[in-house]
Amino acid sequence: MSALSEAHTQLLIPVAALVGIGFALLQWFLVSKVKVSSRDSSNGYKEKLIEADEEEEGIDNLEVSIKCAEIQHAISVGATSFLFTEYKYLGVFMCVFGVIIFLFLGSVRGFSTKSEPCAYNQGNICKPALANAFFSTIAFLLGALTSVLSGFLGMKIATYANARTTLEARKGVGKAFITAFRSGAVMGFLLAANGLLVLYVSINLFKLYYGDDWGGLYESITGYGLGGSSMALFGRVGGGIYTKAADVGADLVGKVERNIPEDDPRNPAVIADNVGDNVGDIAGMGSDLFGSYAESSCAALFVASISSFGISHDFTAMSYPLIISSMGIVVCLITTLFATDLFEIKNVSEIEPSLKRQLLISTVLMTAGIAMVSFFALPSEFTLFNFGTEKEVKNWHLFFCVAIGLWAGLVIGYTTEYYTSNAYSPVQDVADSCRTGAATNVIFGLALGYKSVIIPIFAIAIAIYVSFSLAAMYGIAVAALGMLSTIATGLAIDAYGPISDNAGGIAEMAGMSHKIRERTDALDAAGNTTAAIGKGFAIGSAALVSLALFGAYVSRAGIKSVDVLTPKVFIGLIVGAMLPYWFSAMTMKSVGTAALKMVEEVRWQFNSISGLMEGRTKPDYANCVKISTDASLREMIPPGALVMLTPLIVGTLFGVETLAGVLAGSLVSGVQVAISASNTGGAWDNAKKYIEAGASEHAKSLGPKGSACHKAAVIGDTIGDPLKDTSGPSLNILIKLMAVESLVFAPFFAAHGGLLFKLL
């Protein structure tokens, strides 16, 4: 038995989650102390003005603060109304898909309410399939609601913090950095703690019915991961289409045709662009990483439930994935203090090293944390389910599994940073290629993206080999959890980027001094790289998560081995490898279609609204927001349907073996496409920023803004936008979601699947 008692475990997990929530609220309180003034029709001013700063001489501080508040309000209203509209659609989807889960799983035994022999322990009697259908549906709805809540809370704190970051930039880059980072930490800790708490409470409530039937209990809990990821898919795709339609429209007309700065208030698409940062990069990413966390936990719990932990009812060992996550919250809390309280940022060059330090500190501390958890929460020896056989495992084996996942995440993060940061030669080479126009820029950018796949794939391959050798499929599941164990820090770093981006936009629109804009640009440039690191983590963890889910699916579907030489499997493999391309084609085309409408609208406004270019009249921001909203809601449905329907159609018509092939194929090709797309887009973006900043002699020789080199870089950045913010990040959800959906529906496919082959 474990050294840690069940009573201690039952106390430890909720306390860690509540500490995470408490810390998030503390960070929010500290951010809220930065006051934004805003006009109110009855009271004059709602909140008192931030302290004036001597560096803003010659500019009316009161007027600037009021402008900041107005812009912040417009962004917040736009983001909130879009998410509410999106969630109405998703509410309908949740209800319909919940009914599908219940009907499919309930029909496995003809909606019988009789108890039946257990799937993995034939001597025992387990709860009926109908109960599994009901509780899987409940878990799906809980996962979906938690995912939606994660995204919405992240968006709210981001829109709350953007103007505050702008105003703090008047006091210095250090103050602005702390405000942006604390705001990101609010999202990170709320998401990690909420995900853990809801999962923990769900398990304990489900246990009241299931009793000793832990196999049935944890099988139904897999619905939690399905709910989280299905919401994330629509959030990522819908938000990605929204943000990139606005971004491409704003850049092509504003910067290339009209030669006005990014985020210039004369640009009609500028508010839609800033709203997009929040609904795509914040709300979509929050739901995405929550989905990864939920799925890796569910995969590990399911495999453990059919191993010695579940059979001997050792709750502490069973809860090992949850205790790892609890330790992660504590480690990330300590790590955050290094950025906000222990080290002060004095100048621009310290921003990126500080963010990278966060990754390293959290990884080192978490390694020690994993060792403690593995020693206290696990028996010294135990057996794990390994495709019908039992594998003897020691507790230190699992320490290495989790640790290798954690360190593989760091390797992927740092590799991504090397290929997407303009501090290193790959992005500088891309920038230099702009001398000869946009075509060479595109060629260099694509080559960089393909090359950036090599090291992450080796890191994932080594993590898979070591963890599988030590602890079979359970090892891979906890390796994925290891990569996500520092999710609170990862999300804080990731959310910091869009908040800084918005802060820069608000500074430009409010007419603040060049010095302030330089500071917010420096924050934004570091944020671009950290966003790419976050996407690297999300893709790397998705590869491990989907492989663990694949193993759980194969076990649950009763497949003894997946033989590539059988035609049933091979046709699945080749079709599965094609799916990421089909999905990417849909999302890219959607961005292109929406961007086309946006470009036409922005051009029309510049041509027909008199005095717009001179700044005498305001553009119609609302119409651009409407174009992005309508396009994203309409266009997110076909890619979402492709992902959600593929496992159902393949499993029902072709059976469990063909579906196993589809899952393997989509995993293998999806990871490569996702990494290259994200890094290509990130590199083009930072090549453009490298030229704009003009921080080195080389960069100055390519600039300034508006030069032929800069215009070529803007075109590359515009092509890269849908790659890095729509197709790339959405692909990791595709490979996870198809795997978790297959696992949830595995009992139905095993009982009734393969209709076509049965007819033949």
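Quick caveat: nothing in here was measured; it's all calculated off a predicted structure.

## Digging into the overall build of the protein
Working step 1: In terms of helices and strands, the protein carries 23 helices and six strands.
Working step 2: Here the protein has a C-alpha radius of gyration of 25 Å; the compact-globule value for 760 residues is 27 Å, and the two agree.
Working step 3: By the burial criterion, 65% of the 760 residues in the protein qualify as buried.
Working step 4: Here the analysis covers contacts within the protein between residues at least 6 apart in sequence; of these, 84% occur between residues at least 24 apart.
Working step 5: As displayed, the protein has an accessible area near 26,000 Å², and 67% of this comes from carbon and sulfur atoms.

## Side note on the packing of aromatic side chains
Working step 1: In total, this model carries 33 aromatic pairs according to the counting rule given.
Working step 2: Look at phenylalanine 84 and phenylalanine 152: their rings are 5.5 Å apart centre to centre, the planes differ by 45 degrees, and that puts the pair in the tilted class. Here phenylalanine 152 lies in helix 3 (residues 129-168) and phenylalanine 84 lies in helix 2 (residues 61-106), a separation of 68 residues in the sequence.
Working step 3: Residue classification places phenylalanine 152 among the buried positions, given a relative accessible area of 18%.
Working step 4: Between phenylalanine 177 and phenylalanine 181 the ring centres are 5.8 Å apart and the planes differ by 20 degrees, which places this aromatic pair in the stacked class. Note that phenylalanine 177 and phenylalanine 181 are positioned in helix 4 (residues 173-210) at a spacing of four residues, about one turn of the helix. You'll find phenylalanine 177 and phenylalanine 181 in the same group, each marked buried.
Working step 5: Following the ring pairs from residue to residue traces out a cluster consisting of Phe93, Phe97, Phe104, Phe140, Phe234, Phe745, Phe748 and Phe749.
Working step 6: One residue, lysine 127, lies across the ring of tyrosine 209, its end atom 4.9 Å from the ring centre.

## Quick word on the side chain of serine 742
Working step 1: Among the structural elements, serine 742 can be located in helix 22 (residues 708-752).
Working step 2: The class for serine 742 is buried, based on a relative accessible area of 0%.

## A short note on the packing of helix 1 (residues 6-32) against helix 9 (residues 320-342)
Working step 1: Where helix 1 meets helix 9, the closest approach of the two axes is 9 Å, and the angle between their N-to-C directions is 30 degrees. It follows that helix 1 is roughly parallel to helix 9 by the angle criterion. You can see that helix 1 and helix 9 cross each other, and the crossing is left-handed. Listed contacts from helix 9 to Thr9, Leu12, Ile13, Ala16, Ala17, Val19, Gly20, Phe23 and Gln27 of helix 1 are Leu322, Ile323, Ser326, Ile329, Leu333, Thr336, Leu337 and Thr340.

## Re the pairing of strand 6 (residues 389-394)
Working step 1: Summarising the sheet, strand 5 (residues 381-386) and strand 6 pair through six bridges and their orientation is antiparallel. If you follow leucine 384 over to strand 6, its bridge partner there is lysine 391.

Cut-offs and rules
Residues numbered from 1 in each chain as written. Predicted model: local features only at pLDDT ≥ 70, side-chain atom pairs only at ≥ 80, totals over all residues. Heavy atoms only, no water. Helix = DSSP H or I, 4+ residues; strand = E, 2+ residues; numbered from the N terminus. Rg over C-alpha atoms; globule rule 2.2 N^0.38 Å. Buried < 20%, exposed > 50% of the residue type's maximum accessible area, 1.4 Å probe, protein only. Contact = heavy atoms within 4.5 Å. Areas by Shrake-Rupley, 256 points an atom, 1.4 Å probe, with all protein chains shown as cover. Phe/Tyr/Trp six-rings, centres within 6.5 Å; stacked < 30°, edge-to-face > 60°. Lys NZ or Arg CZ within 6 Å of the ring centre and 35° of its normal. Axes fitted to C-alpha atoms, helices over the stretch in contact; angles between N-to-C directions. Parallel < 35°, antiparallel > 145°, perpendicular 65-115°, else oblique. Left-handed = near helix turned anticlockwise from the far one by under 90°. Pairing = 2+ DSSP bridges.

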